[in-house]
Amino acid sequence: MDLFKPLPAEARRDLDGLLSCIDKVLPLPRRFRLGLPRDVADLSRLLTSERGDLSASYLGKPNLLSAYHRYFLPWNVYRLCKLLPGLPLVFSDGDIITDLGSGPFTLVLALWICRPDLRKFKLEFRCLDRTGAVLESGKKLFDALVQADKNVNPCPWVIKTMRSEIRRNGTLSAQIHGEKAKLVTAINVYNELFQDLSPVDAEGLIRLTGQHAKLLSSLARDDGEILVMEPGIPRSGEFIAVLRKALLGEGFAPVSPCTHTEACPLPGGRVATGKGGGKAKWCHFAFETGDAPGDLHKLSAAAGIPKERAVLSFILAGKTTDSNAAPDIKTTEIVPEIRIRIISDAFPLPNYRYGRYGCSVKGLTLVSGAKASLDKNESGALLDAKLSGKEGRDEKSGALAINIGNS
């Protein structure tokens, strides 16, 4: 299934409506509104280059909480709205979704907006976060968003909140009781844990992902799934790749974006190279943001951090059964046809051709052809290609080289 399709008109309206709901239920005093672009820029620095100065209770500060609600929350919801419809997530009445590090209901809001087919189901959401004020703001935003839908009365979704922190050792500060979840999610959560590791601490990263793979898998039922999404930076891509291997060890195979259960050919820096630097290719996806709300673009520009493109790294994993596991084909077998997940942007090659890197059961794969052919297969696209047995190797990367045509 291809990822990141254009948002439907209804989803775009609801995203605009989310911005209106934020202003309605979380009114911003004039003194904060005038300084909002500055607060957004300050919080952005704290979350990236100045992360060492970030306290665990940063969202308890009114100006930073306001910046998070008006900038980071809608952008995170937008990313999820682009991703979730392209994932094979199927729900039934009574299903439970456990969302770790829920914040202001980022996942719940995104599912409501981008999967209107789910609004008729009786779903139970367990939203966990360490900050009660953030959970409360999420509840208000979701209620306001639901009220705007005149076709839903009453809302069949049940939202339960819990103050609980995800500890570094793979435990929760408050335990979850009751039935296990159909879907366990952690959205933009783990970067707060793995960013503190040394760039050369491969053992630490393996230990961290192993502990949290056990936590995630322990919360999912036997036919459940696990979704982890992080910013599309090199360290996130590396974390996702190592977590993928740890989840396989717990019996959860990659369902998306992977097309196989072989070793990840784009694992990033430390574990891939045995040294720091993060120069190895990492799995991440980029897409244009033209269908994001206009007011969100205006705020981004005013804060000096415009977003013409969004990037993310993610893994959706499910129990290893014949129905949901990625094909487990060994690279030594003769495979007449392979499925390639396109990952990179298009780049020029000799002889007026273009290429994109992708991932397949054969490892890193270079797809080449005329520009028109490559433009049809953007980052996230799923491409089936027949092998002739005469394919070469890309001199620069060593990737299997496949030509997909001249038009």
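All of these numbers come straight from a predicted model, not from anything done at the bench.

Okay, the overall build of the chain next. Check the secondary structure of the chain and you find twelve helices and 15 strands. Computed over C-alpha atoms, the radius of gyration of the chain comes to 21 Å, within 12% of the 22 Å expected from 2.2 N^0.38 for 407 residues, which places it in the range of a compact globule. Referenced to the eigenvectors of the C-alpha coordinate spread, the extents of the chain come out at roughly 65 × 45 × 45 Å. Each of the 407 residues in the chain was classed as buried or not, and the buried ones make up 54%. Relative to all contacts within the chain whose residues are 6 or more apart in sequence, the contacts with residues 24 or more apart total 78%. Accessible area of the chain: about 18500 Å², with a carbon and sulfur share of 51%.

Attention now moves to the packing of helix H3 (residues 36-47) against helix H4 (residues 62-83). H4 packs onto H3 with a crossing angle of 90° between their chain directions and a minimal axis gap of 9 Å. As judged from the angle between their axes, H3 and H4 are roughly perpendicular. Residue-level inspection shows Leu-36, Asp-39, Val-40, Leu-43, Ser-44, Leu-46 and Leu-47 of H3 in contact with H4, the latter providing Asn-63, Leu-64, Ser-66, Ala-67, Tyr-68, Arg-70, Tyr-71 and Phe-72. A breakdown of the residues in the contact of H3 with H4 according to their chemical character gives ten nonpolar, three polar and two charged.

Per the domain assignment, the segments making up the chain are domain 1 (9-323) and domain 2 (327-404). The C-alpha-based centres of domain 1 and domain 2 are spaced at 30 Å. Taken together, the contacts link 14 residues of domain 1 with 21 residues of domain 2. When domain 1 packs against domain 2, close to 1400 Å² is buried across both sides, 59% of that on carbon and sulfur atoms. Counting every contact that joins domain 1 to domain 2 gives one salt bridge. Where Arg-309 meets Asp-345, a salt bridge forms, and the shortest distance between an N and an O atom there is 2.8 Å. Viewed at the interface, domain 2 and domain 1 are joined by five residue pairs in polar contact (both at pLDDT 80 or more). Of the residues that constitute the side of domain 1 that touches domain 2, the class distribution is six nonpolar, five polar and three charged.

On to unusual backbone geometry, then. At the junction of Ser-256 and Pro-257, the peptide bond is cis and its omega measures out at 5° in the coordinates. Secondary-structure assignment places Pro-257 in the loop between strand S6 (252-256) and helix H10 (270-273). Even without glycine at this site, Phe-105 takes up a positive phi of about 65°. The topology assignment puts Phe-105 in the loop between strand S1 (96-100) and helix H5 (106-114).

Let us look at the pattern of salt bridges. Per the stated rule, a full pass over the model turns up 22 salt bridges. Connected through shared salt-bridge partners, Glu-10, Asp-14, Arg-119 and Asp-149 make up one network.

Among the five residues that make up S1, five are buried, leaving the element largely enclosed by the rest of the structure. Of the two faces of S1, both are covered, the one formed by Ile-96, Thr-98 and Leu-100 as well as the one formed by Ile-97 and Asp-99. Here S1 pairs with strand S2 (residues 124-129) via four bridges, running parallel. The residue of S2 that forms the bridge with Ile-96 is Glu-124.

Once that is clear, we can look at the nonpolar core. With 78 residues, the main nonpolar core has Leu-84 and Trp-157 as its most contacted residues. The element contributing the most residues to this core is H4, with twelve residues. Composition of this core by domain shows at least three residues from each of domain 1 (9-323) and domain 2 (327-404). Core analysis: the second largest hydrophobic core is formed by 33 residues, Tyr-190, Leu-208, Leu-215 and Leu-216 among them.

Pairing between strand S4 (residues 181-187) and strand S5 (residues 220-231): six bridges, direction parallel. Within S5, the residue paired with Val-184 across the bridge is Ile-226. Bridge count between S5 and strand S8 (residues 309-319): seven bridges; the pairing is antiparallel. Counterpart to Leu-227 in the pairing with S8 is Leu-316.

One turn of an α-helix holds 3.6 residues; hence residues three or four places apart share an orientation. For helix H11 (residues 294-302), the complete set of buried residues consists of Leu-296, Leu-299 and Ser-300. For H11, the angular spread of buried residues about the axis comes to 100°, placing them on one side. Pointing more than 90 degrees away from the buried face of H11 are the exposed residues Asp-295, Lys-298 and Ala-302. Buried residues belonging to H11 abut helix H1 (9-25), H3 and H4. Phi for Gly-304, located one or two positions after H11, is positive at around 80°.

Secondary-structure assignment places Asn-76 in helix H4. Within polar-contact distance, the side chain of Asn-76 engages the side chain of Arg-79 at 3.0 Å. Those residues within four positions of Asn-76 in sequence are excluded, and the remaining contacts are Tyr-68, Thr-106 and Asn-188.

Between its first and last C-alpha, H4 extends 30 Å over 22 residues, near the 32 Å set by a 1.5 Å rise per residue. A maximum bend of about 35° is found in H4 at Tyr-68. Burial runs high along H4: 20 of the 22 residues are buried.

What counts, and where the lines are drawn
The residue count restarts for each chain, going from 1 along the sequence in the order it is written. Local features in this predicted model are restricted to residues whose pLDDT is 70 or higher, and side-chain atom pairs enter the listing and the counts only when it is 80 or higher, whereas totals over whole chains, interfaces and linings include all residues. Note that water and hydrogens are dropped before the side-chain values are worked out from all heavy atoms of the structure. What counts as a helix is a DSSP run of H or I of at least four residues, what counts as a strand is a run of E of at least two, and both are numbered from the N terminus. Just to be clear, the radius of gyration here is over C-alpha atoms, and the globule rule we use is 2.2 Å times residues to the power 0.38. Relative accessibility thresholds used throughout: buried, under 20% of the residue-type maximum; exposed, over 50%; partly exposed, between the two (1.4 Å probe, protein chains only). Residues count as neighbours in contact if any of their non-hydrogen atoms are within 4.5 Å of one another. All accessibility values rest on the Shrake-Rupley procedure with a 1.4 Å probe; residue burial counts only the protein chains present in the view. Between N-to-C directions, angles cover 0 to 180 degrees, with each direction set by a line fitted to C-alpha atoms, over the stretch in contact for helices. An angle below 35 degrees is read as roughly parallel, one above 145 as roughly antiparallel, one from 65 to 115 as roughly perpendicular, and any other as oblique. Three classes are used, and their members are as follows: Ala, Val, Leu, Ile, Met, Phe, Trp, Tyr, Cys and Pro are nonpolar, Asp, Glu, Lys and Arg are charged, and the others, Gly among them, are polar. Annotation comment: domain bounds sourced from an automatic or database domain assignment. Buried area is understood as the total, over both parts, of accessible area removed when two parts are fitted together, assessed with a 1.4 Å probe. By salt bridge we mean one thing: a side-chain nitrogen of Lys or Arg within 4 Å of a carboxyl oxygen of Asp or Glu. N or O atoms closer than or at 3.5 Å make up a polar contact, with two conditions inside protein: a donor-capable atom paired with an acceptor-capable one, and, for residues adjacent in sequence, both atoms drawn from side chains. In this description, strands pair whenever DSSP reports at least two bridges between them. Put simply, a nonpolar core is a bunch of buried Ala, Val, Leu, Ile, Met, Phe, Trp, Tyr and Cys residues held in one set by side-chain atoms that sit within 4.5 Å of each other. What the arc describes is the spread of directions from the helix axis to the C-beta atoms. For a helix, the expected span equals 1.5 Å multiplied by the residue count minus one. One axis is fitted to the seven residues ending at the residue and one to the seven starting there. The bend at that residue is the angle between these axes.

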